[in-house]
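Single-letter residue listing:
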Amino acid sequence: MTENKQRFCELLRATSRENIEYVIEDLEDFGFFESPASAQGHGAYPGGLLEHSLNVYDAAMASREAMVRIRPDIEGELDPDSIAIAALLHDVCKTDFYKRVKRKKRNEIGIYEEVEVYEIHDENFPVGHGEKSVIMLLRSGLDLHDDEIYAIRWHMGPWNLSRDDEKFYRQAGKRSALQSLIHVADTLASAIIERPGAKM
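Everything quoted here is computed from the prediction, not taken from an experiment.

Reading the values: the criteria
- Residues numbered from 1 in each chain as written.
- Predicted model: local features only at pLDDT ≥ 70, side-chain atom pairs only at ≥ 80, totals over all residues.
- Heavy atoms only, no water.
- Axes fitted to C-alpha atoms, helices over the stretch in contact; angles between N-to-C directions.
- Helix = DSSP H or I, 4+ residues; strand = E, 2+ residues; numbered from the N terminus.
- Parallel < 35°, antiparallel > 145°, perpendicular 65-115°, else oblique.
- Contact = heavy atoms within 4.5 Å.
- Nonpolar A, V, L, I, M, F, W, Y, C, P; charged D, E, K, R; others polar.
- Pairing = 2+ DSSP bridges.
- Core = buried A, V, L, I, M, F, W, Y, C linked by side-chain atoms within 4.5 Å.
- Buried < 20%, exposed > 50% of the residue type's maximum accessible area, 1.4 Å probe, protein only.
- Salt bridge = Lys/Arg side-chain N within 4 Å of Asp/Glu carboxyl O.
- Phe/Tyr/Trp six-rings, centres within 6.5 Å; stacked < 30°, edge-to-face > 60°.
- Lys NZ or Arg CZ within 6 Å of the ring centre and 35° of its normal.

**A closer look at the packing of helix H5 (residues 129–139) against helix H6 (residues 146–153)**
- Viewed as axis vectors pointing N to C, H5 and H6 meet at an angle of 140 degrees, and their least axial separation amounts to 7 Å. On the basis of their axis angle, the class for H5 and H6 is oblique. Counting all contacts with H5, which are made through Gly130, Glu131, Ser133, Val134 and Leu137, the residues of H6 involved are Ile149, Ile152 and Arg153.
- A breakdown of the residues in the contact of H5 with H6 according to their chemical character gives 4 nonpolar, 2 polar and 2 charged.

Spelled out as structure tokens, the structure:
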């Protein structure tokens, strides 16, 4: 077992959540631990989804610590076990989302060569990004708390929302500090932690 996979599973098991072993078994069957996190952006390589999920967890826990220092009264709203569930499992929807295909692409000196890239295939279960993760987890037998559902469903924040979606996103945010924390952690992980270093 890789170090990342071992840490991921230990963090989930530490929540002592009922049926967490079934969730881990399903993640294995789904190919979660080998999946990329995106087609061309952050984590676009085998195991990128696992790495991204751990980065979101680390960013969420660091953000929680900072927020509790500023607002000690919200400590109870940001339960570490709920953060682990929401951060580590927010993107399980990506397990059958990317397929490797061969494409012609210009290399650094301008010559076309055949390379393997990821292509998006969302036709297998077209219910939406966050919704798909929630449904998959419920099907695995995980009893999600309401704030965990909000956090996973709305982790992408207010991007590409219909008018009703925007209303529901904002309503959920008023009910759950965890939702905002996971959205921020996901953004920090993908935009900063996983940002490629400058080429020298």
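Here the narrative resumes, following the displayed structure.
**Focus: the pairing of strand E2 (residues 112–120)**
- Here strand E1 (residues 98–106) pairs with E2 via 9 bridges, running antiparallel. Bridging across to E2, Arg103 finds its partner in Val115.
- In this antiparallel pair of consecutive strands, E1 and E2, the connection spans 5 residues, and Gly110 shows a positive phi of 90 degrees.

**Some thoughts on the nonpolar core**
- With 39 residues, the main nonpolar core has Phe8, Leu12, Leu27, Leu88 and Leu89 as its most contacted residues.
- Within the residue set of this core, elements represented by two or more residues are helix H1 (3–13), helix H2 (20–30), helix H3 (48–70), helix H4 (80–89), H5, H6 and helix H8 (177–193).
- In this view, Leu27 contacts Phe8, Leu12, Phe32, Phe33, Leu89 and Val92; residues no more than four positions away in its chain are not counted.

**A look at the pattern of salt bridges**
- Inspection of every chain in the model, using the stated rule, returns 12 salt bridges.
- Here Glu116 ties to Lys102 by a salt bridge, and the two come within 3.7 Å at their closest N and O atoms. Of this pair, Glu116 sits in strand E2 while Lys102 sits in strand E1, placing them 14 residues apart in sequence.
- Lys102 gets classed as exposed once you look at its relative accessible area, which sits at 53%.
- Measuring nitrogen to oxygen at the nearest pair gives 3.3 Å for the salt bridge that ties Glu131 to Arg153. Taken together, the residues Glu131 in helix H5 and Arg153 in helix H6 connect sequence positions 22 residues apart.

**Structural notes on the packing of aromatic side chains**
- This model, assessed by the stated rule, comprises 3 aromatic pairs.
- Plain terms: the ring middles of Phe8 and Phe32 are 5.2 Å apart, the flat faces sit at 35 degrees to each other, and that makes the pair tilted. Remark: Phe32 occurs in the loop between H2 and H3 and Phe8 occurs in helix H1; sequence separation between them is 24 residues.
- Between Phe32 and Phe33, the aromatic rings sit 5.3 Å apart at their centres with planes inclined by 90 degrees, giving edge-to-face as the arrangement. Each member of the pair, Phe32 together with Phe33, is buried.
- Taken together, the ring pairs connect Phe8, Phe32 and Phe33 into an aromatic cluster.
- Its end group placed over the ring of Phe33, Lys5 keeps NZ or CZ at 4.8 Å from the ring centre.
- Taking NZ or CZ as reference, Arg153 lies 3.7 Å from the ring centre of Trp154, over its face.

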